[in-house]
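Geometric and topological summary
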Amino acid sequence: MLRALIFDVDGTLADTESAHRAAFNYAFSEFGLDWHWDDAQYTALLEISGGKERILHYWRARQPELRELGATALQDAVNRLHELKTAAYGAAVNQGEVALRPGVLALMEAAMAQGLQLAIATTTSPVNIAALLRRAMGPDWRLNFTAIGDASTAPIKKPHPQVYLQMLAALGLDASHCLAFEDSANGLRAATAAGLSTLVTPTRYTAHHDFSGAVQVLPSLTGVDLAQLRHWHAQAQQPGVTRQPALA
Ligand code: XBP
Ligand code: MG
């Protein structure tokens with residue numbers, strides 16, 4: 001029995017990473033750094049979930065001698081950079097630069113109409129979720145979700161299952177009554193590790209990832225209705241069913 005849908009945000013609810021990348025580059029220039037993440041570099045850096053973790057990973061790789069700077073000073077600089085980035089990203093979203101991916105809103109509305117619960121499980125920052133969904137669903141957007149797990153509630157980022165385990169606890173449901181929606185290998189691994197059957201809708205940033213174990217790999221959620229979800233969910237619950245992704 002399918003009782004809840006749990007959505008990732010970046011790449012799944014909306015194709016946000018180009019706006020994130022621009023915001024990171026703006027923050028670097030504002031901070032006086034000559035860093036610039038091009039598309040190819042950012043695609044590789046997305047292997048690291050979490051903007052702060054991504055900046056720290058890049059900085060350490062670029063300047064290994066940084067260890068002498070002292071962990072606190074380094075983390076303070078990363079936090080400041082991330083604050084600048086998050087403000088720039090929020091401004092871009094508020095200017096309409098990011099829209100929900102096709103099929104997402106219709107599926108969420110159909111699920112709610114049939115009494116399913118919705119939750120969010122993301123590694124992004126809470127202000128980013130609010131900016132995106134306020135614009136897409138209106139000022140009362142939060143009322144649509146039973147629970148939200150994000151960088152502020154789950155500091156251990158994907159592929160660790162922490163945020164998905166938090167959402168299952170908040171929903172009060174066993175993983176077998178839920179479906180997760182993701183766009184990346186890290187996200188698929190996190191959801192799968194929490195026991196969740198997972199549908200993947202990759203973006204151009206993640207199309208090359210390994211999605212073995214996904215219930216389905218789809219170009220988008222366009223035309224995906226609740227009956228189809230229930231069918232895939234029932235299939236995935238059968239013992240011994242090997243989950244082979246469909247051709248994207
Ligand atoms: C994707 C991420 C996030 C975003 C940037 O999150 O890994 O880090 O790339 O957002 P999701 P922050 O789990 O929704 O796919 O800078 O706020 O982390
Ligand atoms: Mg994602």
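As a reminder, the structure under discussion sits directly above these lines.
What counts as what
Residues numbered from 1 in each chain as written. Chains lettered and ligands numbered in written order. Predicted model: local features only at pLDDT ≥ 70, side-chain atom pairs only at ≥ 80, totals over all residues. Heavy atoms only, no water. Salt bridge = Lys/Arg side-chain N within 4 Å of Asp/Glu carboxyl O. Helix = DSSP H or I, 4+ residues; strand = E, 2+ residues; numbered from the N terminus. Buried < 20%, exposed > 50% of the residue type's maximum accessible area, 1.4 Å probe, protein only. Donors = N, O, S within 2.8 Å, 3.2 Å for Na, K, Ca; no water. Phe/Tyr/Trp six-rings, centres within 6.5 Å; stacked < 30°, edge-to-face > 60°. Pairing = 2+ DSSP bridges. Contact = heavy atoms within 4.5 Å. Axes fitted to C-alpha atoms, helices over the stretch in contact; angles between N-to-C directions. Right-handed = clockwise from strand over helix to strand, strands pointing away.

A word on the pattern of salt bridges. One side chain can pair with another of opposite charge once the charged atoms of both are near each other. Within this structure, the stated rule accounts for seven salt bridges. With a shortest N-O distance of 2.9 Å, Arg-62 and Asp-34 are connected by a salt bridge. Linking Arg-62 in helix α3 (residues 51-62) with Asp-34 in the loop between α1 (17-30) and α2 (39-45), this pair joins segments that are 28 residues apart in sequence. Residue classification places Arg-62 among the partly exposed residues on the basis of a relative accessible area of 38%. In this structure Asp-34 comes out as exposed when scored by relative accessible area, which is 63%. Among the ionic pairs, Arg-80 bridges to Glu-83, the shortest N-O distance being 3.2 Å.

Attention now moves to the coordination of the magnesium ion (ligand 2). Taken together, Asp-8 (OD), Asp-10 (O) and Asp-183 (OD) make up the full set of protein donors to the magnesium ion (ligand 2), lying 2.0 to 2.2 Å away. Counting along the primary sequence, the residues that act as donors to the magnesium ion (ligand 2) give the motif D-x1-D-x172-D. Here Asp-183 lies in the loop between β4 (178-182) and α8 (185-193) and Asp-10 lies in the loop between β1 (4-7) and α1, a separation of 173 residues in the sequence. Neither Asp-10 nor Asp-183 differs from the other in exposure class; each is buried.

Here the structure, examined in full by the defined rule, presents twelve aromatic pairs. Aromatic pair Phe-7 and Phe-181: ring centres 4.5 Å apart, planes at 15 degrees, arrangement stacked. Here the residue Phe-7 occupies a position in strand β1, and Phe-181 occupies one in strand β4, the gap between them amounting to 174 residues. You can call Phe-181 buried: its relative accessible area is 1%.

Before going further, it helps to spend a moment on the sheet that holds strand β5 (residues 197-200). The six strands lie next to each other as β3-β2-β1-β4-β5-β6, forming an open sheet whose pairing is parallel. Edge positions in the sheet fall to β3 (147-149) and β6 (216-217), since each of these pairs with one other strand and no more. For strand β2 (residues 117-121) and β3, the ladder comprises three bridges, and the chain directions are parallel. By the bridge assignment for β3, Ile-120 is matched with Ile-148. Set on the sheet, helix α5 (residues 104-113) makes contact with β1, β2 and β4; between it and β2 the angle comes to about 135 degrees.

Side chains of β1 alternate between two faces, with Ala-4 and Ile-6 and Leu-5 and Phe-7 buried alike. The pairing of β1 with β2 spans four bridges and is classified as parallel. Counterpart to Ala-4 in the pairing with β2 is Gln-117. With four bridges connecting them, β1 and β4 associate as parallel partners. Counted as the bridge partner of Leu-5 is Leu-179 from β4.

This part is about the pairing of β4. β4 sits mainly inside the fold: five of its five residues count as buried. A crossover connection joins β4 to the parallel β5 through α8; in handedness this β-α-β unit is right-handed.

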